[in-house]
Amino acid sequence: MMESALAFATIVQLLGVWRAERQATGSSDALDTENLLAWMRHHKFDGLADAIENNSAIIEDLRNESGEINSKLDQILEILSGGDINIDISPEMIEFMNWIKPEERAVSVSINGSLVKAMIRCIDDKLEGMTIMGGLGARRLIGLKIGNHIPMEVENDDWPMMKDDLEKLCDGEVFECDYELENDRYMVTRKLEEIVEDNLRSQLEKSIGQSDE
């Protein structure tokens, strides 16, 4: 019984994240089980997605309780938006609230275009990370893979922002920085993969499409 209750609570939490992302992109946040299941599988919650798909009672419960669930989620999102609300919140709930904040699911800093392409390439080419080599006037952005140094293209106008942008991404845990070597190394994290797939790739494709028009 407890295991079933925990599974349902997890599904409700995931529903909250899915709904927040839909709101952030201007999509309808009305319960769409087919879209929700596809979203869960994309984020590697295949087991839960299979359980929902194979159990019509769970889907029915979600549909029946969606109004109440959305109302509670609205209250949480209202708390996240600020305001003088004095309420005791458990550490677990704070962690969940931080997770469903829409702005936490996307790159919250402005980064240069060359770095966006480099981040996508890190995922596509399965690189371990990247580093900046050379001094002023001879700088190179290098992708790191076991036994290989892979040159990355950087527009001249993007160099002044490169180091600062990489540091901001490290602060946001998009990269994990290794400062112990002669050249700082910005190592790939799971969060980088999520941001590339959820945000950057589509932005770059949209930008390319607009430039071709």
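What comes next concerns the included structure. Please read all numbers here as calculations on a predicted model, not as lab measurements.

## Observations regarding the pairing of strand β3 (residues 148-152)
- Direction of pairing for strand β2 (residues 140-145) relative to β3: antiparallel, over a ladder of five bridges. When the bridges of β3 are listed, Ile142 appears paired with Pro151.
- In textbook terms, the turn of a hairpin is the stretch between consecutive antiparallel strands, and for β2 and β3 this stretch comprises two residues, one of which, Gly147, has a positive phi near 80 degrees.

## Regarding the pattern of salt bridges
- A full pass over the atoms with the stated rule returns nine salt bridges.
- Residues Asp125 and Arg121 are paired through a salt bridge, measuring 2.9 Å at the closest nitrogen-oxygen approach.
- The class of Asp125 is partly exposed, set by a relative accessible area of 30%.
- Salt-bridge contacts for Glu197 lead to Arg201; the nearest nitrogen and oxygen are separated by 2.9 Å. One end of the pair is Glu197 and the other is Arg201, both in helix α8 (residues 190-212) and four residues apart, which spans about a single turn.
- Overall, Glu197 belongs to the partly exposed group, its relative accessible area being 34%.
- Through salt bridges with shared partners, one network takes in Arg41, Asp50 and Glu53.

Reading the values: the criteria
- Within every chain, residues take consecutive numbers counted from 1 along the sequence as written.
- Totals for whole chains, interfaces and linings use every residue, but because this is a predicted model, local features are given only for residues with pLDDT of at least 70 and side-chain atom pairs only at 80 or more, for both listing and counting.
- Excluded from the side-chain calculation are hydrogens and water; included are all heavy atoms of the structure.
- Strands pair, by our definition, only if DSSP identifies at least two bridges between them.
- The way it works is that DSSP assigns letters per residue, a run of H or I at least four long becomes a helix, a run of E at least two long becomes a strand, and they are numbered from the N terminus.
- The term salt bridge refers to a side-chain nitrogen of Lys or Arg lying within 4 Å of a carboxyl oxygen of Asp or Glu.
- Summary of the burial criterion: residues with accessible area below 20% of their type's maximum are buried, those above 50% are exposed, and those between are partly exposed, where the area comes from a 1.4 Å probe applied to protein chains only.

Take it as geometry only, folks, not as evidence of what the structure does.
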